[in-house]
Amino acid sequence: MSITPFLTQQRIDEMTAAGHWKNKTLLDHFDQHVSERPEHIAVVDHNSETGLRTVLSYRQLNTTVTRMALGLLNLGIHRGDVISCQLPNWWEFLAIHLAALKIGAVTNPMMPIFRHREVAYMMAFAESKIAIVPKSFRGFDYPAMVAEIKSELPQLAHTLVIGGPSNPDSFETALLNTRWEDEMDAEASLAGLAATPNEVVQLMYTSGTTGSPKGVMHTSNTLLSCTETFISSYHLNKDDNLYMGSPLAHQTGFLVGILIGMYLGAKVVYSDVWEAGKALQIVQDEHITFTMGATPFVADMSYSPDVSKYDTSHFHTFVTGGAPIPRVVAEDARKALGCGVYGAYGMTESLIACICVPEDADDKIFNTDGSVRMGVKLRLVDSEGNEVAQGEEGEVQTAGPFNCCGYLKRKDLTDEAIDSEGWLSSGDLARKDEDGYIRISGRSKDIIIRGGENVPIVEVEQFLYKHPAIQECALVGMPDPRMGERGCLFVTLTPGSEFDEKELQRYLGEAKMAKQYWPERLEIRSELPRTPSGKIQKFKLREEAKAFGEEGDGLAYG
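Let us look at the structure shown here. (Residues numbered from 1 in each chain as written. Predicted model: local features only at pLDDT ≥ 70, side-chain atom pairs only at ≥ 80, totals over all residues. Heavy atoms only, no water.)

Let's talk about the overall build of the chain
In terms of regular secondary structure, the chain is built from 19 helices and 26 strands. For the chain, whose C-alpha radius of gyration is 23 Å, the value lies close to the compact-globule estimate of 24 Å for 558 residues. Across its three principal directions, the C-alpha atoms of the chain cover 70 × 55 × 55 Å. Counting over 558 residues, the chain shows a buried share of 60%. Sequence separation of at least 24 residues holds for 72% of the intrachain contacts in the chain that already meet a minimum separation of 6. (Helix = DSSP H or I, 4+ residues; strand = E, 2+ residues; numbered from the N terminus. Rg over C-alpha atoms; globule rule 2.2 N^0.38 Å. Buried < 20%, exposed > 50% of the residue type's maximum accessible area, 1.4 Å probe, protein only. Contact = heavy atoms within 4.5 Å.)

And the structure:
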């Protein structure tokens, strides 16, 4: 399948003429670093499954990536084919993306938390040609899952397993252990295959208010224009050491852990399981200077009892995204870690739209979600699409070089989200101050942001409605000091039925829904509040959930 972005020549010309799109790919920068500093460390990963710390220089990574690219060609993977990659933060993730770029394939990162329902839909819709998964991660059998959904994936030709037995389906056997560069002429085999700057190179699904995830399409130009702006905003260079504990399959992890590191020629360090004490040790031992993650990451590190044990004096920047960071957390992190803490606002579709930077006054850093940077345009509009006055609440819309090129196979959803002038509707509500800084005030989209991850409320509710005991249900966000929000489920039951937390867990567990989507508090009611027209008044339920969050009650799924 050839993936076609919704990208006009007019946009290409405008972004190029303005200097926002440099018409290069990540490979251009990677190849330069391979040539200029081949022995510099490119990537370090800390693999919790094996207990190993793997280190690859730019020279070693390049050799591996070339071999993998040839191996993918040998498997029949061609330009435009989708490579679905459901991996933790392991070095292989980075190598897969670089190899995909070499052959013009599209990387489709999928979160390791996704299970049968999500993975089957995403790979089927993308017509994925190959899936790459771990043999096991955190006790889950990924090859077994893919085998169970294989009948739903007619386009899937190969499933490669990392860390599995040495057989033809092994990632190592198919791509690493055979010296394909000795059996194939690499230069001739790869000639003319590399992705061009305006071709889709990343397909990342996002969950919103619709029942199914949407495949967001990004090109090298959209991704790298954001990368360049981010680097300049935080004064990063090739001597920085980047840490990524947020999943690489999330846009935050991909930006810092894949794009920024290889763009700069810096060292990037991964950990696959989040643990604050381990992260602090990595900051010290790997001499980390920069990282980015959702609010729970910075909070966990700041309040860790181990924080005083480690030297973080070289750690200068922690950028938070996914949800507004509470002022007290940012202030405490600055004291505990000794680094600047800056908020960023964005989404899968628009990448990083607004940020706070070191030059900003503390009042802006602690009380806003930042302002726009090079080339990005932002406006707040009312329900009629009219721009609101300063200080008034409106929906955030963005335009500019970072915006995606639409949703895979869904021109209808693309046209709904992005107007003819290129303005992307976010569904987020905000207010803008006199200096152009925004503060997110709420969401018009019906979602919960749990630890920086969107929980697709409609999808979860639609599935819960299938349970014979549930007559009505409404899932809303419940404030949580660590995760930002957790799900609170309100239900009414069919006459004579019984339903409790144990049954909720059993039902969702049998459906193999990602645990991060599971509601973490259950409230059974005789009726739910409604408008005169019969619509459930979720704002009233959110008020109740807010009180529950303050009580700190609920189930916990990690």
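Here the narrative resumes.
Observations concerning unusual backbone geometry
One non-glycine residue, asparagine 23, lies in positive phi territory at about 55°. Turning to its location among the elements, asparagine 23 is positioned in the loop between helix H1 (9-17) and helix H2 (26-36). The partly exposed category is assigned to asparagine 23, whose relative accessible area is 34%. A positive phi angle, near 60°, is found at lysine 409, a position not held by glycine. Along the polypeptide, lysine 409 turns up in the loop between strand E19 (394-399) and helix H16 (411-417). Owing to a relative accessible area of 40%, lysine 409 belongs among the partly exposed residues under this scheme.

Details of empty space enclosed by the protein
Counting across every chain of the model gives six cavities of 30 Å³ or more. Of the voids in this model, the largest cavity is the one considered here, and its volume is about 50 Å³. Together, His20, Trp21, Lys22, Asn23, Lys24, His29, Ser220, Asn221, Leu224, Ser225 and Glu228 line the largest cavity. Per element, the largest residue contribution to the lining of the largest cavity is five residues, and it comes from helix H10 (residues 220-233). Partitioned by chemical class, the residues of the lining of the largest cavity number two nonpolar, six polar and three charged. (1 Å grid on protein atoms, 1.4 Å probe; cavity = no way out; pocket = protein on both sides within 12 Å on 5 of 7 lines; lining within 4 Å. Points joined across faces, edges and corners; volume = space filled by probe spheres on them. Nonpolar A, V, L, I, M, F, W, Y, C, P; charged D, E, K, R; others polar.)

Focus on the side chain of threonine 252
Here threonine 252 shows up in helix H11 (residues 251-264). Not counting the four nearest positions on each side in its chain, threonine 252 is found in contact with Met244, Ser246, Met292 and Gly293.

Points about H1
Taken residue by residue, H1 has Arg11, Ile12 and Met15 as its buried positions. Buried residues along H1 cover an arc of 100° about the axis, so they all sit on one side. Exposed residues pointing more than 90 degrees away from the buried face of H1 are listed as Gln9, Gln10 and Ala17. On its buried side, H1 packs onto H10. (Arc of directions from axis to C-beta.)

Things to note about helix H12 (residues 276-285)
Taken as a whole, H12 has its buried residues at Ala276, Gly277, Ala279, Leu280, Ile282 and Val283. Where H12 is buried, its residues contact strand E1 (41-47), strand E11 (241-244), strand E12 (267-271), helix H13 (295-302) and helix H14 (327-337). Just past H12, the residue histidine 287 takes up positive phi, approximately 55°.

As for the environment of valine 376
Inspection of the secondary structure assignment puts valine 376 in the loop between strand E17 (371-372) and strand E18 (377-381). Relative accessible area serves as the criterion here: at 10%, valine 376 is assigned to the buried category. Sequence spacing of valine 376 and isoleucine 352 is 24 residues, and the spatial spacing of their C-alpha atoms is 9.4 Å.

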